[in-house]
Amino acid sequence: MGVRLVLLCLILCLSACERQAEPTGINLTSALGGIPAEGFARAIEPRRFEFPQDHAAHSEFRNEWWYVTGNLQAETGRQFGYQVTFFRIALSPQRPENASNWATNQVWMTHIALTDIAGNKHLHDQRFARGAAGLAGQSMQPFKVWLEDWQIIGQAQGEFPWTVQVANKDFNLKLSLQPEKPVVLQGSQGLSQKSSEAGNASYYYSFTRLATTGSIHYQNQDFQVTGSSWLDREWSTSVLGKDQVGWDWFSLQLQDGHELMFYQLRKASGEADQAYSQGKWIAPDGSTRNLSLQEVQLKPLKYWQADNGAKYPIAWELTYPAAKAHWRVEAVVEDQLMQTSVLYWEGAVQVIDLETAQVVGQGYLELSGY
């Protein structure tokens, strides 16, 4: 899901869409509220997914993202988490009639992050660009999603492996991603309903286990790394309901070959939305089972406080009795705050079995609306 439900579509304007380095403090609820965007397509009912075509942009919808997170280990034993996310935001349903090469109704934003576990550091960056004049966009043959020199490149029309390549002043990533499992259609056949209003939903699929190899350049060193990544793809127009303010989202990869995706939507009262919090349990053979909040219990165990006073629950007790799962899911670095235009916490976590005290998995946690 992500900040996934992004973002700036109600408040960004084209004149402000060049690269931006400083947070602007955009209000999440205002940006993501369930007000229909007239003229855009909406996710109303299940659709037929086709691959690799659906890796491409769906410009008839207002928001879309290619969201990659992962946990990597260097040959030296050093461990890293990473995030690379491309967001497409449509400012209007139609392209402007202006024939200029700069004319567009599309804004692109990219977030990147690296978590250095041994160094107890989290580094991140963001960029904005118009979807025009070659600055940012998505193309086919070959498949490519890019913002300036930050990019995801696929084979032909989007077949794997994909290459993720980003660089800034603090770190460089060049990673190859190859699925180890079939695609997972989240929600009901890929329709992920987030609130009661028709159309407050997204089309959502994931690759929950991507074998990852490549290199990280960091602190004047080159690390050859291997590990596992997770790809989320969503597109939507309206998502959050009027009484929803944020979410707690887990993507967990277990050492026994299972994965768990689960998100808990939170109401303004602080309560979890019982009806629309949901997830998926993925077996080693790729078969899946839908999960509700009645089946998965979540309890915050530890909080980290940001400079603005917001407290983020960075350790959780997660119980899923049907799988005999009783875990502590905790951040590997406490401060993994994404101080971007939309403030959110997102970072690498480990999964500890509370009965044996053994690490049984890894993943990513996202906390928004705090």
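Residues numbered from 1 in each chain as written. Predicted model: local features only at pLDDT ≥ 70, side-chain atom pairs only at ≥ 80, totals over all residues. Heavy atoms only, no water.

Colleague: Whenever I open this one, the pattern of salt bridges confuses me. Can you help?
Modeller: Charged atoms that come close allow side chains of opposite charge to pair. One pass over the full model with this rule turns up 16 salt bridges. A salt bridge links E259 to K181; the nearest nitrogen and oxygen atoms lie 2.8 Å apart. On the criterion of sequence distance, the pair formed by E259 in strand β15 (residues 259–267) and K181 in the loop between β9 (171–179) and β10 (184–185) is long-range, its members being 78 residues apart. Each member of the pair, E259 together with K181, is buried. Between D248 and R266 there is a salt bridge, with the nearest N and O atoms lying 3.0 Å from each other. Here R266 lies in strand β15 and D248 lies in strand β14 (residues 244–254), a separation of 18 residues in the sequence. You can call D248 buried: its relative accessible area is 0%. (Salt bridge = Lys/Arg side-chain N within 4 Å of Asp/Glu carboxyl O. Helix = DSSP H or I, 4+ residues; strand = E, 2+ residues; numbered from the N terminus. Buried < 20%, exposed > 50% of the residue type's maximum accessible area, 1.4 Å probe, protein only.)

Colleague: In this structure, what is going on with the environment of I112? I would like to understand it.
Modeller: Locating I112 in the fold gives a position in strand β3 (residues 106–116). Residue classification places I112 among the buried positions, given a relative accessible area of 0%. In contact with I112, not counting residues within four places along its chain, are Q83, V84, L123, H124, D125, W150, V166, N168, F171 and M338. (Contact = heavy atoms within 4.5 Å.)

Colleague: What exactly am I supposed to notice about the pairing of strand β13 (residues 221–236) here?
Modeller: Summarising the sheet, strand β1 (residues 63–74) and β13 pair through 12 bridges and their orientation is antiparallel. Residue pairing across strands places E64 opposite W235, the latter belonging to β13. As consecutive antiparallel partners, strand β12 (residues 201–218) and β13 are separated by 2 residues, and within that stretch Q219 has a phi angle of approximately 50 degrees, a positive value. (Pairing = 2+ DSSP bridges.)

Colleague: Whenever I open this one, the packing of aromatic side chains confuses me. Can you help?
Modeller: How two aromatic rings sit relative to each other is given by the distance of their centres and the angle of their planes. Counted under the stated rule, the structure contains 22 aromatic pairs. With centroids separated by 6.3 Å and ring planes inclined at 15 degrees, the aromatic side chains of F49 and F51 adopt a geometry described as stacked. Given a relative accessible area of 31%, F51 falls into the partly exposed group. The residue whose ring lies beneath K144 is W146, and the NZ or CZ to ring-centre distance is 5.2 Å. Between R266 and the ring centre of Y370, over which it is positioned, the NZ or CZ distance is 3.8 Å. (Phe/Tyr/Trp six-rings, centres within 6.5 Å; stacked < 30°, edge-to-face > 60°. Lys NZ or Arg CZ within 6 Å of the ring centre and 35° of its normal.)

Colleague: Looking at this structure, I do not really get the confidence of the model for the protein chain. What am I missing?
Modeller: With 90% of its residues at a pLDDT of 70 or more, the protein chain shows a mean pLDDT of 90. Predicted confidence is poor over residues 2–36, with pLDDT under 50, and the contacts of this stretch with residues over four places away or in other chains come to 106 contacts. (pLDDT = per-residue confidence, 0-100.)

Colleague: What should I look at first to understand unusual backbone geometry in this one?
Modeller: The step from Q141 to P142 runs through a cis peptide bond, and the omega angle for that step is -5 degrees. Among the secondary structure elements, P142 is positioned in the loop between β5 (136–139) and β6 (144–147). Between F160 and P161 the backbone carries a cis peptide bond, its omega angle lying at 5 degrees. Structurally, P161 is set in strand β8 (residues 159–167). Residues other than glycine seldom take positive phi values, yet A357 does so here, at roughly 65 degrees. Considering the arrangement of structural elements, one finds A357 in the loop between β22 (344–353) and β23 (359–368).

Colleague: I'm lost on the pairing of β14 in this one. Help?
Modeller: Of all 11 residues that make up β14, 10 are buried, and the element is covered over most of its length. With 9 bridges joining them, β14 and β15 adopt antiparallel strand pairing. When the sheet's bridge partners are listed, W247 is paired in β15 with L265. Hairpin connection, β14 to β15: the antiparallel pair is bridged by 4 residues, and G257 has positive phi, about 100 degrees. In terms of strand pairing, β14 meets β23 through 8 bridges, oriented antiparallel. Each residue of the ladder has a partner; that of L254, found in β23, is G361.

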